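Chain by chain, the residues:
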Amino acid sequence: MSARSYEYRNRASTRLDTAPLREFTARFATAEEIENWDKHVTANPNGGNMLQSAAYASVKNGSGWKVRFLVLESPGTASYNLVLEKKFPVLGRLWYLIKGPDLAAADDLKAALDACAAFARSRKLNIFTIKVEPDIIDSSDAQAKIAAAGLVKAPNIQSNDSTALLDISQPEEAVFKAISSRARNAIRRAEREGCEVVRKEHGPETYRALYDLMADTVKAKGSMPLRSYDYYAAFWDEFCDRGQGHFFFAYEDGKPSVGAFVINYGAKATYKDGGSTQNRKQYGDSHLVQWTAIRRMQELGCTEYDFCGTPPSSRIKDKSHTLYGMGMFKTSFTKTVTDFVGCHDYVLAPLRHRLWVKGAERVFRRIEMARTGQQFY
């Protein structure tokens, strides 16, 4: 069946505020588009996201989620979005547009999601809710657009719905001057005292070294829960095999003391995973690891570095927040915390969605954890 034959055109005339009318279509990607998925995603209006990538699709496919490749089109533009689909008894199917939809403006949300809903109904997919988390910066105006689109706030899923973003589009010297004096001093001291950062090839030895550091950090700080080693190994494999994943380590007494895994995806770099031993003697080693990664990402053509997760801007100095320590470290590179609108539900079947939020989601999450030992999303 051709892409055109199952394309469903949404002709709804609804507009948001005074935004010009925009018509969207929704369809599944063709085989050729899937084959060149990363090229299409990184050409999205906002440059895509590494969680919409072919590598991440391979990680999630078969892990309890069915991967769908969805294309949203309007005159003159297209947006390629990864969809994770899961089927539940009685309720039907849930769609999760992870870090999507990627649209040029919040004004486009309603028309784009109406097109998704109409397409899903035309294919009789029995979708009860479309879960979305577009990278739209939070503001009163954005919240008004979210409400106008009929979206219902849901608990956030991804760690970087609040995050520290560093502009690395300028020359290295300018970027170095832009970070805080505390970070600059830490980097210089680490260099003076002979700390070296090593880039390691991917493989089981590297994976185990970083995973052990991550486990040390979680145990000491009680931060985000850690997935299984097998999950991370598969994740790192997929990105590294495509040339999109990079490992950086500092050592103390001949053993890894700080480690980081950083992804380059289009123009965006993401500090995805990291860990360290506690009570280290070296000062500034973690800052030097990040600075080394930033310089490498610049060499690869990235213009933005996402430190991937802080407390919300309103709680960045709240010591009770589980990400307080990470937030203090990350904002030593860039003081501004960017809050995105986070996760919302676009409801297609109100009664079934009500069952979902009133308890069904919690039940299915517990079942998934008991059955697989893995996180639900």
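Thresholds applied
- Residues numbered from 1 in each chain as written.
- Predicted model: local features only at pLDDT ≥ 70, side-chain atom pairs only at ≥ 80, totals over all residues.
- Heavy atoms only, no water.
- Helix = DSSP H or I, 4+ residues; strand = E, 2+ residues; numbered from the N terminus.
- Rg over C-alpha atoms; globule rule 2.2 N^0.38 Å.
- Buried < 20%, exposed > 50% of the residue type's maximum accessible area, 1.4 Å probe, protein only.
- Contact = heavy atoms within 4.5 Å.
- Areas by Shrake-Rupley, 256 points an atom, 1.4 Å probe, with all protein chains shown as cover.
- Lys, Arg positive; Asp, Glu negative; His and termini not counted.
- Charge placed at Lys NZ, Arg CZ, Asp CG, Glu CD.
- Phe/Tyr/Trp six-rings, centres within 6.5 Å; stacked < 30°, edge-to-face > 60°.
- Lys NZ or Arg CZ within 6 Å of the ring centre and 35° of its normal.
- Salt bridge = Lys/Arg side-chain N within 4 Å of Asp/Glu carboxyl O.

Draft legend 1. Representation of the overall build of the chain. Broken down by element type, the chain carries 12 helices and 15 strands. Here the chain has a C-alpha radius of gyration of 21 Å; the compact-globule value for 377 residues is 21 Å, and the two agree. Put simply, the chain has 377 residues, and 54% of those count as buried. Expressed as a percentage of contacts within the chain between residues at least 6 apart in sequence, the contacts between residues at least 24 apart total 71%. Here the chain displays about 17,300 Å² of accessible surface, and carbon together with sulfur accounts for 49% of that area. Here the chain holds 53 positive side-chain charges and 44 negative ones, and the gap between their average locations is 6 Å.

Draft legend 2. Summary view of the packing of aromatic side chains. Applying the stated rule across the entire model yields 32 aromatic pairs. Measuring from ring centre to ring centre gives 5.7 Å for Y207 and F247, while their planes differ by 40°; the resulting arrangement is tilted. Of the two residues, Y207 sits in helix α8 (residues 204-221) while F247 sits in strand β10 (residues 245-252), which places them 40 residues apart along the sequence. Each member of the pair Y207 and F247 is classed as buried. Each member of the aromatic cluster is reached from another via a ring pair, and the members are Y56, Y207, Y211, Y229, Y231, Y232, F235, W236, F239, F247 and F261. In this structure, R208 packs its charged tip against the face of Y229, placed 3.9 Å from the ring centre. In this structure, K272 packs its charged tip against the face of F235, placed 4.6 Å from the ring centre.

Draft legend 3. Main features of the pattern of salt bridges. All chains considered together, the criterion is met by 24 salt bridges. Across the salt bridge formed by E73 and R27, the nearest N and O atoms sit 3.1 Å from each other. Highlighted residues: E73 in strand β3 (residues 66-74) and R27 in strand β2 (residues 24-28), separated in sequence by 46 residues. As a salt-bridge pair, K272 and D273 come within 3.0 Å of each other at their nearest N and O atoms. Through salt bridges with shared partners, a single network forms among R27, E33 and E73.

Draft legend 4. Structural view of the environment of T292. Residue position: T292 is located in helix α10 (residues 285-299). Residue T292 is classed as buried on the basis of its relative accessible area of 19%. Taking the C-alpha atoms as reference points, T292 and G274, separated by 18 residues in sequence, lie 14 Å from one another. Those residues in contact with T292 that sit more than four places away from it in its chain are V197 and F248.

Draft legend 5. How the structure looks around the side chain of T310. Of note, T310 is situated in the loop between β13 (304-306) and α11 (324-330). Sequence-distant contacts of T310, defined by excluding residues within four places in its chain, comprise S159, S162, T163, A164, I316, L323, G327, K330 and V337.

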